[in-house]
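Descriptive analysis of the structure
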Amino acid sequence: IDLQGGVIYNTAVKTLNFTVTDSDYILFCDLTGSHITGTLPAAAAVGIGKTYVFKDVSGSAASYNLVIDGNGSETIDGAIQVKVTSNSGSVTCVSNGNNWFIIGTS
């Protein structure tokens, strides 16, 4: 693999509640004035290793949380929801094909 030209990731800016799509990777969430909930797709549908990064780009998560919601009864590290509550915080979630797991936070 030659990465001399760098890597370009699929990104999207979100200002309202949303459902993550298969083509998403990094989700820049602008929480200015309101909470935002991002709902993960079914872990089995996206497969093992699918990864999503959720980032508070407004620096407002302490006042307006970024909520990541599992799909239906699927969990994220055993919880139905995970919240980013620190300003400019982020969370990275990865699928094992059945549920979601947090592999990084800031």
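Up top you'll find the structure we're talking about.
This brings us to the sheet that holds strand 9 (residues 100-105). One open sheet holds the 5 strands; their spatial order is 1-3-5-8-9, and the pairing between them is mixed. Looking at which strands have only one partner, the edges of the open sheet turn out to be strand 1 (11-14) and strand 9. The mean inter-strand angle of the sheet, taken between neighbouring strand axes irrespective of direction, is 25 degrees. In this sheet, strand 3 (residues 26-29) lies alongside strand 1 in parallel orientation, the contact comprising 4 bridges. Bridge pairing links K14 to C29 in strand 3.

With that settled, the discussion passes to the nonpolar core. Within the largest apolar cluster, 21 residues are counted, with the highest numbers of intra-cluster contacts made by L27, Y52, F54, L66, I68 and W100. Contributions of two or more residues to this core are made by strand 3, helix 1 (43-46), strand 5 (51-56), strand 6 (66-69), strand 7 (81-84) and strand 8 (90-95). Ignoring anything within four residues of it in the chain, the contact list for L27 reads A12, K14, F18, V20, Y52, V53, F54 and K55.

Enumeration over the complete set of coordinates arrives at 0 disulfides. Looking at the unpaired C93, the closest cysteine sulfur is the one in C29, lying at 11 Å. Here C93 falls in the buried class, since its relative accessible area comes to 0%.

As a further point, take the packing of aromatic side chains. Following the criterion strictly, the structure yields 3 aromatic pairs and no others. On the numbers, 5.7 Å between centres and 45 degrees between planes, the contact of Y52 with W100 is tilted. Note that Y52 is positioned in strand 5 and W100 in strand 9, a separation of 48 residues in sequence. Side by side, Y52 and W100 carry an identical accessibility label, which is buried.

Attention now goes to the side chain of S90. Turning to its location among the elements, S90 is positioned in strand 8. With relative accessibility at 15%, the residue S90 sits in the buried group. Separated by 2.8 Å, the side chains of S90 and S106 make a polar contact. Not counting residues up to four positions away in its chain, the partners in contact with S90 are F54, K55, V84, G104, T105 and S106.

Strand order in the open sheet formed by 4 strands is 2-4-6-7, and the pairing between neighbours is mixed. Each of the sheet's edge strands pairs with one partner strand only, and the pair in question is strand 2 (18-19) and strand 7.

Rules used throughout
- Residues numbered from 1 in each chain as written.
- Predicted model: local features only at pLDDT ≥ 70, side-chain atom pairs only at ≥ 80, totals over all residues.
- Heavy atoms only, no water.
- Pairing = 2+ DSSP bridges.
- Helix = DSSP H or I, 4+ residues; strand = E, 2+ residues; numbered from the N terminus.
- Axes fitted to C-alpha atoms, helices over the stretch in contact; angles between N-to-C directions.
- Core = buried A, V, L, I, M, F, W, Y, C linked by side-chain atoms within 4.5 Å.
- Buried < 20%, exposed > 50% of the residue type's maximum accessible area, 1.4 Å probe, protein only.
- Contact = heavy atoms within 4.5 Å.
- Disulfide = S-S within 2.5 Å.
- Phe/Tyr/Trp six-rings, centres within 6.5 Å; stacked < 30°, edge-to-face > 60°.
- Polar contact = N/O pair within 3.5 Å; in protein donor to acceptor, adjacent residues only side chain to side chain.

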